Each structure stands twice: as structure tokens, then as C-alpha cells.
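# Coordinates in review
In case you want the letters, here they are:
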Amino acid sequence: MKHVHPTRLRQVRGPQRQPVAAACALLFIAAAAHAQQAPAAPEAAASEAQRKADATIDTVVVTGIRQSLDTSLNLKRQQRGVVDGIVAEDIGKFPDTNLAESMQRISGVSIDRSMGEGSKVTVRGVGPDFNLVLLNGRQMPASTLADTGPSNSRAFDFANLATESIAALEVYKTSRASAPTGGIGATINIKTARPLDTKKTIASIGVKAVHDGGNSRLPDNIKGDSVTPEVSGIYSTTFGEGMFGVSVSGSYQKRDAGYNSAGVPNGWLPFKGDETGNGAIPLPGAPGSERITNRPGPNDVYSLPQNVNYNMNGIRRERTNGQVTFQFAPTKSLTTTLDYTASQNKVHTRRNDLSAWFSFGPSSSSWTGGPVSGRSTTPS
């Protein structure tokens, strides 16, 4: 039997155990390193996502009606004095199809109407003749239509301008050094759309059909079309890296309307109860007095119409608006603007009249009690 020395046994087994221990040590170190690095990756991803979210929240774009309301509020905050205004929701999207009807939304502003549309404005009780109207800061001429011949009114008719190219309405209720003088009630500035204000290419086309119910109640010989067109369009663009801008807008509207009215255009003639003369009713005992019921007494006062008129009116209106604007901004602090605005409003009226003139002689009539008597039936 062969004897093996213990020291030699350790020398033989020693080299077999060292590679296994080294491999285990490397695996342990790698696992520990992975355990330390694994939580760091989700934390880095979360911080990167938070950074992107913060960058997104910093930019908030508000458009539409809310944006126009915010702009109107800023107009009041940034201007000196008492200022109100209406700003278009977007290019070609003013609140109403008539400027005067948009202005009545402002406190202290009231309007009167012509042919069912807003025409003139009254600010704080001061009439239309005493309000100054500006177009982009330049005074607008009075252009009110009269029944016969030119009008001597200083009031501006807002029905002459279409709303498609209007960007804002500013109503200055107090005087300003930067605005022309002449408005006792208010100074109204109409601002048109400018290409460098939007700084992008925008196009808008609108087609409408207009039906006026008053036209259907007219005789056939003065009745117009039952449906009339309204076409509008605007195009705005910039080029040269935002240094140049051009915009073109146009609007055409045709409307057939009408109305009927009755009245006493030549007024009433007053008489005393015992008065005689042309137009007076017969005195008691005179021929024809027996056909008068409850005749006014001698101390009573009564009045008679000179005539009665009934008229039917057919109205055709054609409104044409156009504007061309060029802008050049060589620097941020300098902007030059050249614009041309054309406005034409044609109104054609056809009218039928039916009138009756009275000669109050021996006729039948009945009257109310005095001392001021009125007719309860029309004399025949």
C-alpha cells in the first residue's frame, strides 16, 4: 500500500479550487454592480419625461372666442383713458355681419336701424352726428343716404362697410392726444386686418344666401328676388422672412327688402267746437249735422287729419367693399403700411302710394267725450 504525504495532497488540490473561486467572485461583483445601476435608469427616464412635460406646459396657445376676449381685455388694460373694444375671433370672423350691431355689445353704445340693419351709433346719449369715426386712425367722411339729394348729416353709416376685413373696433370714450379731435360722444377707430399682424398665409372665402321676409309682403310689381347672394373673401400672406406682407379682401352683398307703412304725413288740423270754416264739421242745425254722433261741444277741441297715406316700398341694396394692403418692416421697430379701401353702397327704392284727402263737409262721424274730442269712426 502506497502512502501519500498530506502536503502533496494540498499542492495537488490547490490549483483546481482557485479558478472556481475567482469565477464566483466575478459573478458576485457583476451582480452587485448591476443591482446598483438598475434603479438609476428609471430615475433618469423619469427626469427626462418631466423635463419634456415642463417644456410643453410653458407654451399655451389660446385661439377662437377666448382669445378674442383676452385681446379685448388687454386693449382696455394697456390703453389710457376709458376704452372699449371688440376683436375678431379670427381673420374673416367678426362677431356680426354688421359693424353697428357688433358695437351695441359695448356698454354705453346704442344703435338705430335702417331697413332692419344697424346703421348709426349713439355713445353715452350723444347722437350719431357728434361721434368721430376713424379707419385705421384716419377720419372717415360722412356718407349717410337721404331720401332726395345729398345729406348734410355728419353721422357715419356703418352699413357701408362689410365685416370680413375688420380686425377690431376701438371705442375711445375719453379724448386722447394721439387721436384726432371732433368726437363729443366718442372716437371710434375701425382697424382692418394687416398681413404682418398674423405673419402667416391665411385665406378665407364665405358664401351666404340672404332672405328678407319683408320682400314677400310687397306687390309683384315692386317685389325683388326672394333669395340674394353675399360673397366675401380675404387672402393674406408674408414673404421675405416676414419683412413684406400683402393682403387683399373683397365683399359683395345684394339684398332685396321692403316695408309697408301708413300714417298722416301732413298732420292734423285743430278746431274749436263752435268754429266754422274749411275743414270744420257742420255746426248743430246745419246740413249734415244730423249724421254726427256725439258732436264736440262749443268749448271742446277736436282735430282732423288732412290726409291719410298708405305706401309700399321695395328696396334693393348692393354693397361692394374692397381693400388692398402692403406692409414693409425692415426692422422690428419700423413698419410702413400702404392701404387702399373702396366702399360703394347703392340703394334703389320703388314705391307705391295710396292717399286720401279729406274735405269734412256733410259726412258721417262719431266722437268721444270732451273737452278734447277724438274720432271713434272715420268720416265717410
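Please refer to the structure placed before this passage.
A short tour of the structure in this document, coming up. The structure displayed is predicted, hence computed values, not measured ones.

### Focus: the overall build of the protein chain
A tally of regular secondary structure across the protein chain gives five helices and 17 strands. Within the protein chain, the proportion of its 380 residues that are buried is 35%. Partitioning the contacts of the protein chain with sequence separation of at least 6, the portion at a separation of at least 24 is 66%. For the protein chain, the accessible area works out to roughly 23,200 Å², and carbon and sulfur atoms hold 56% of it.

### Here's the deal with the pairing of strand 13 (residues 301–305)
Inspection of the sheet shows strand 11 (residues 268–272) paired to strand 13 by five bridges, in the antiparallel sense. Residue pairing for strand 13: Lys 272 is matched across the bridge by Val 301. In terms of strand pairing, strand 13 meets strand 17 (residues 372–373) through two bridges, oriented parallel. Paired with Val 301 across the two strands is Val 372, which belongs to strand 17.

### Here's the deal with the pattern of salt bridges
It is possible for side chains of opposite charge to pair when their charged atoms get near one another. Scanning all chains against the criterion turns up 12 salt bridges. When the shortest N-O distance is used, the salt bridge between Asp 339 and Arg 138 registers 3.0 Å. With Asp 339 in strand 15 (residues 334–357) and Arg 138 in strand 5 (residues 138–139), the pair connects residues that are 201 residues apart, well separated along the chain. Ionic pairing is found between Lys 223 and Asp 220, a salt bridge with its closest N-O pair at 3.5 Å. Judged by relative accessible area, which is 65%, Asp 220 ranks as exposed. Sharing partners across several salt bridges, the network here consists of Glu 117, Asp 212, Arg 255 and Arg 317.

### Regarding a nonpolar patch on the surface
Taken together, the side chains of Ile 205, Val 207 and Val 231 make up a nonpolar region of the molecular surface, amounting to roughly 330 Å² of accessible area. Mapped onto the elements of the fold, Ile 205 is located in strand 8 (residues 202–210). According to the relative accessible area criterion, Ile 205 is exposed, its value standing at 75%.

### Some words on the packing of aromatic side chains
Counted under the stated rule, the structure contains five aromatic pairs. Between Phe 239 and Phe 244 the ring centres are 5.5 Å apart and the planes differ by 10°, which places this aromatic pair in the stacked class. Phe 239 sits in the partly exposed class, given a relative accessible area of 46%. Geometrically, the ring pair formed by Phe 271 and Tyr 302 is stacked, given 5.7 Å between the ring centres and 25° between the ring planes. Remark: Tyr 302 occurs in strand 13 and Phe 271 occurs in strand 11; sequence separation between them is 31 residues. Each member of the pair, Phe 271 as well as Tyr 302, is classed as buried. Ring pairing ties together the aromatic residues Phe 239, Phe 244 and Phe 328, which thus form one cluster.

### Considerations on the side chain of Thr 325
Topologically, Thr 325 is positioned in strand 14 (residues 307–331). Among the residues examined, Thr 325 registers a relative accessible area of 0% and is labelled buried.

### Description of the sheet that holds strand 8
Strand order in the open sheet formed by five strands is 8-9-10-14-15, with antiparallel pairing between adjacent strands. Both outer strands of the open sheet, strand 8 and strand 15, are each paired with one neighbouring strand and no more. In this sheet, neighbouring strand axes are inclined to one another by 10° on average, regardless of whether the strands run parallel or antiparallel. Where strand 9 (residues 228–239) lies against strand 10 (residues 244–263), 10 bridges are found, and the strand directions are antiparallel. Paired with Glu 230 across the strands is Gln 253, a residue of strand 10.

### Let's talk about the sheet that holds strand 7 (residues 187–192)
If you walk across this open sheet you meet the five strands as 1-6-7-4-5, and the pairing is mixed. Edge positions in the sheet fall to strand 1 (83–87) and strand 5, since each has one partner strand and no second.

### Overview of the environment of Asp 225
Along the polypeptide, Asp 225 turns up in the loop between strand 8 and strand 9. In this structure the C-alpha to C-alpha distance between Asp 225 and Arg 255, which are 30 residues apart in sequence, comes to 8.4 Å. If we skip the residues at most four places from it in the chain, Asp 225 touches Asn 215, Lys 254, Asp 256 and Arg 316. Of note is the side chain of Asp 225, whose polar atom sits 3.4 Å from the side chain of Lys 254.

### Some points on the nonpolar core
Ranked by size, the top nonpolar core spans 22 residues in total, and within it Leu 99, Met 103, Val 121, Phe 158 and Ile 190 carry the most contacts. Within the residue set of this core, elements represented by two or more residues are helix 4 (99–103), strand 2 (109–114), strand 3 (117–123), strand 4 (132–135), strand 6 (166–172) and strand 7. Here Ile 190 is in contact with Leu 99, Val 133, Leu 134, Leu 135, Asn 136, Phe 158, Leu 161, Ile 166, Ala 168 and Leu 169, once residues within four sequence places are set aside. Membership of the second largest hydrophobic core comes to seven residues, among which are Ala 280, Ile 281, Leu 304 and Trp 367.

### Considering the pairing of strand 4
Of the two faces of strand 4, the one holding Leu 132 and Leu 134 and the one holding Val 133 and Leu 135 are both buried throughout. Sheet topology note: the strand 4/strand 7 ladder contains four bridges and is parallel. For Leu 132, the partnering residue across the bridge sits in strand 7 and is Thr 187. Pairing geometry for strand 4 and strand 5, over two bridges, is antiparallel. Bridging from a neighbouring strand, Leu 135 pairs with Arg 138 of strand 5. Remark: two residues form the turn of the hairpin made by strand 4 and strand 5, two consecutive strands paired antiparallel; Asn 136 in that turn has positive phi of roughly 55°.

Conventions we followed
- Position labels on residues start from 1 in each chain and follow its written sequence.
- Where local features are concerned, this predicted model is filtered to residues with pLDDT of at least 70; where side-chain atom pairs are given and counted, the filter is 80 or more; whole-chain, interface and lining totals use all residues.
- Side-chain numbers come from the whole structure's heavy atoms, not from hydrogens or water.
- Under the scheme used here, helices are H or I runs from DSSP no shorter than 4 residues and strands are E runs no shorter than 2 residues, and both carry numbers assigned from the N terminus.
- Relative accessibility under 20% of the residue-type maximum defines a buried residue, over 50% an exposed one, and the middle range a partly exposed one, all with a 1.4 Å probe and only protein chains included.
- Any two residues whose heavy atoms approach within 4.5 Å are treated as being in contact.
- The method behind every accessible area is Shrake-Rupley, applied with a 1.4 Å probe, and residues are considered shielded solely by the protein chains displayed.
- Two strands qualify as a pair provided that DSSP identifies no fewer than 2 bridges between them.
- For this document, the term salt bridge refers to a Lys or Arg side-chain nitrogen within 4 Å of an Asp or Glu carboxyl oxygen.
- Like charges are joined within 9 Å and nonpolar side chains (Val, Leu, Ile, Met, Phe, Trp, Tyr) within 5 Å, but only among residues with over 30% relative accessible area and no salt bridge; these make up the patches.
- Working definition: a ring pair exists when centres of Phe, Tyr or Trp rings (six-membered ring for Trp) sit within 6.5 Å. Plane angles under 30 degrees give stacked, over 60 give edge-to-face, the rest tilted.
- In this analysis, axes come from line fits to C-alpha atoms, helices being fitted only over the stretch in contact, and the angle between any two N-to-C directions falls in the range 0 to 180 degrees.
- Pairs of N or O atoms are called polar contacts if they sit within 3.5 Å, as long as, within protein, a hydrogen donor faces a hydrogen acceptor (for residues adjacent in sequence, only side-chain-to-side-chain pairs).
- Nonpolar cores are built from buried Ala, Val, Leu, Ile, Met, Phe, Trp, Tyr and Cys residues. Side-chain atoms within 4.5 Å join them into one set.

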